[in-house]
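# Structure at a glance
Residues per chain are reported as follows:
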Amino acid sequence: MDTNEKKLRSQEWFGGKDKMGFVHRSWFRTQGYPDDYFRGRPVIGICNTWSELTPCNGHLREFADVVKRGVLDAGGFPLEFPVSSLGETVMRPTTMLFRNLASMDVEENIRANPLDGIVLLTGCDKTTPSTVMGACSVDLPTIVVPGGPMLNGRFRGECLGSGSFNWMVKEKMLVEQYTEEDILEAEIGVARSAGHCMTMGTASTMACMVEALGLTLPGAAAIPAVDARKKVMAQLSGRRIVEMVKENQKLSTILTRQAFENAIVVNAAVGGSTNFILHLLAIAGRIGVPLQLEDFDAIGSRIPLLVNLKPSGKYLMEDFYYAGGLPVVIKELNKYLHNDVITVNGKTLGENNKNPVCYNKDVIASIGEPLQEEAGIVVLKGNLCENGAIIKPSAATKGLMKHRGKAVVFETIEDYHARIDDENLEIDENSVIVLKGAGPVGYPGMPEVGNVDLPEKLLRKGVKDMVRISDGRMSGTAAGTVILHVSPESAIGGMLALVENGDMIELDVENRRLHLDISDEEAARRKAAWVRPEPMADRGYVRFYIEHVQQANLGADLDLLRGGSGSVIKRNLH
Ligand code: FES
């Protein structure tokens, strides 16, 4: 056994000369591996979120084979394994309820098995944070291969953004008289290739996040799923992870505080999803880097918007890739970034993104002429959200950023659906829609319901946006003056629980303020009368989740999952 073999974690399984060494190797022989595979090759786990129930990741089974080519090129031993996959558009009540569960699956699969390095194959929204969170809690050398966005949607000569179009269905049918057939035709037009949503929704945001953190090879995020260059990227990632194992380049060597700050800056410039906050906070919690909700405002809110993508802008991920992709954005942001942080290819962020060329300034603006001066996410504070709430100014209406309006309260999303289109509902364009019961504990799982549709009677009048407040999330593909992640949430007795119809609410984005205009005495009276709702589950994982989930301002991870257990397993299989 040479020195390198001794260092490999997998040799604790495969290197033994005793009975257990025989057992560990022998059963793998059923798959026909030659002896040298067990004698000091780095074993690379390809952690695959492929699932036919997650259409955005439907191509990842094939991608795993491409990664394996790269691992074999570099002398590694690739072993693919499946983990929980979370399909955003189908899972009930919301994939966010299962992000932490999926991360546990990833963590324990990596820890328990003879793996030296990990490739995470990701795509749909939660499949990136869940796998990265799980991998962080083990901290082996790890590289991410984002599955890539779909091609641009095309429908009757128009470019359609996936995710964004569905928020317009109600409006299209009401205002533009779209028929059911029209909508059916749009359905396939907006999803015409493999890949994840091609707007700057949560999946694209997560891909940009991992690239900005230094966890992918440079330029990986924007390449469309069906572009041959995506496969090249996957194969090169397979080669690189073998080198990373030899260099012992663990996740914790890349995920420094500076890397997290870089991700916040980049997210602001690309107009990324608000879900980014929850996921980055949770990842930081796993790797042990101090990061707070307030950091997103302090570091990101003054960063200019450079990327002109839906839902904030005009273009889609395919256009972003052809314009030069994230490397151009990183180069433009040079003065705001820690350029000397190390990334998975062993080079610094600055070295990786020194020479990209922008091929379309309408898609990626220069730092000298940004699309918007200050675009990052703003953190609001006030009596309505003592621990914070957030708003994405680049997706909001300027005229509503300072607003005082009468609350129209919905106790649950079901209550909202039952009454929002009631012609007698007392609501106008100045009202503030308040939705309760959409937080991590209350729903449970914090669904993407914060951007509720406006009432039909106001849509018919041509109203395009209103202030909406909730303890839920908003899809990264949606837009509007939507205040989200109110913490503490209503289900645990936050002030949001105490809002009543007709209360006046004040929003002042410039001064970071969200205020419920009632006296302290009135608030105390309502609090004393408040009755905590019964938990939504009495058994199983959901009950466990309700009892352990943290609030949105901490990333909505489970309290006992913060931190990591590392890669050492003290007790053996006997
Ligand atoms: Fe999977 Fe949008 S539904 S990325």
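Residues numbered from 1 in each chain as written. Predicted model: local features only at pLDDT ≥ 70, side-chain atom pairs only at ≥ 80, totals over all residues. Heavy atoms only, no water.

## Some thoughts on the overall build of the chain
When helices and strands are counted, the chain shows 21 helices and 14 strands. For the chain, the C-alpha radius of gyration of 24 Å lies close to 25 Å, the compact-globule estimate for 574 residues. Its C-alpha atoms give the chain principal-axis dimensions of about 80 × 55 × 50 Å. A buried classification covers 62% of the 574 residues belonging to the chain. Taking contacts inside the chain between residues at least 6 apart in sequence as the whole, the part at least 24 apart equals 76%. Summed over its atoms, the accessible surface of the chain is roughly 22600 Å², and 51% of this surface lies on carbon and sulfur atoms. (Helix = DSSP H or I, 4+ residues; strand = E, 2+ residues; numbered from the N terminus. Rg over C-alpha atoms; globule rule 2.2 N^0.38 Å. Buried < 20%, exposed > 50% of the residue type's maximum accessible area, 1.4 Å probe, protein only. Contact = heavy atoms within 4.5 Å. Areas by Shrake-Rupley, 256 points an atom, 1.4 Å probe, with all protein chains shown as cover.)

## With respect to the sheet that holds strand E1 (residues 43–48)
The strand order across the open sheet formed by 4 strands is E2-E1-E3-E4, and the pairing between neighbours is parallel. Two strands close off the open sheet at either side, each with one partner strand: strand E2 (77–82) and strand E4 (142–146). Each neighbouring strand pair of the sheet contributes to a mean axis angle of 20 degrees, computed without reference to strand direction. Here E1 pairs with strand E3 (residues 117–122) via 5 bridges, running parallel. Each residue of the ladder has a partner; that of Ile46, found in E3, is Val119. The strands touched by helix H10 (residues 228–247) within the sheet are E1, E3 and E4, with E4 carrying the most contacts at an inclination of about 175 degrees. (Pairing = 2+ DSSP bridges. Axes fitted to C-alpha atoms, helices over the stretch in contact; angles between N-to-C directions.)

## Describing the pattern of salt bridges
All told, the structure shown has 39 salt bridges when counted by the stated rule. A salt bridge links Glu62 to Lys231; its shortest N-O distance comes to 2.7 Å. One end of the pair, Glu62, is in helix H4 (residues 60–73); the other, Lys231, is in helix H10, and 169 residues separate them in sequence. Given a relative accessible area of 45%, Glu62 falls into the partly exposed group. Lys436 serves as the salt-bridge partner of Glu411, at 3.2 Å between the closest nitrogen and oxygen. (Salt bridge = Lys/Arg side-chain N within 4 Å of Asp/Glu carboxyl O.)

## Digging into the packing of aromatic side chains
With the rule as written, the count across this model stands at 14 aromatic pairs. Measuring from ring centre to ring centre gives 5.2 Å for Phe14 and Phe28, while their planes differ by 85 degrees; the resulting arrangement is edge-to-face. One end of the pair, Phe14, is in helix H2 (residues 11–14); the other, Phe28, is in helix H3 (residues 19–28), and 14 residues separate them in sequence. Residue Phe14 is classed as buried on the basis of its relative accessible area of 1%. Relative accessible area serves as the criterion here: at 22%, Phe28 is assigned to the partly exposed category. Measuring from centroid to centroid gives 6.0 Å for Tyr321 and Tyr322, while their planes differ by 50 degrees, and the two rings are tilted. Taken together, the ring pairs connect Phe14, Phe28, Tyr33, Tyr37, Phe38 and Phe77 into an aromatic cluster. (Phe/Tyr/Trp six-rings, centres within 6.5 Å; stacked < 30°, edge-to-face > 60°.)

## Digging into unusual backbone geometry
Cis geometry marks the peptide bond from Lys310 to Pro311; its omega dihedral reads 10 degrees. Structurally, the position occupied by Pro311 is in the loop between helix H14 (293–300) and helix H15 (317–322). Residue Pro444 is reached from Tyr443 by a cis peptide bond, and omega for that bond is -5 degrees. Within the secondary structure, Pro444 is located in the loop between strand E10 (432–435) and helix H19 (456–460). For Gln177, which is not a glycine, the phi torsion comes out positive at approximately 55 degrees. Here Gln177 lies in the loop between helix H7 (169–175) and helix H8 (180–189). With a phi angle near 55 degrees, Ala556 is a residue other than glycine that sits in the positive phi range. Mapped onto the fold, Ala556 is located in the segment after helix H21 (540–548).

## Quick word on the state of the cysteines
Scanning the model with the defined rule gives 0 disulfides in all. The thiol of Cys136 is unpaired, and the distance to the nearest cysteine sulfur, on Cys47, comes to 12 Å. (Disulfide = S-S within 2.5 Å.)

## Points about the environment of Leu558
Checked against the element boundaries, Leu558 lands in the segment after H21. Residues Leu558 and Tyr545 lie 13 residues apart in sequence; the distance between their C-alpha atoms is 6.9 Å. In this view, Leu558 contacts Asn100, Phe544, Tyr545, His548, Val549 and Gln550; residues no more than four positions away in its chain are not counted.

## Regarding the pairing of strand E14 (residues 513–516)
Strand residues, when the strand is regular, have side chains that alternate between the two faces of the sheet. Here strand E13 (residues 504–508) pairs with E14 via 4 bridges, running antiparallel. Paired with Glu506 across the two strands is His515, which belongs to E14.

## A few points about the environment of Met133
Locating Met133 in the fold gives a position in helix H6 (residues 127–136). Separated by 57 residues in sequence, Met133 and Val190 place their C-alpha atoms 31 Å apart.

## Some points on the side chain of Asp182
Topologically, Asp182 is positioned in helix H8. Assessed through its relative accessible area of 14%, Asp182 is described here as buried. When near neighbours in sequence (up to four residues on either side) are disregarded, Asp182 contacts Phe155, Arg156 and Gln177.

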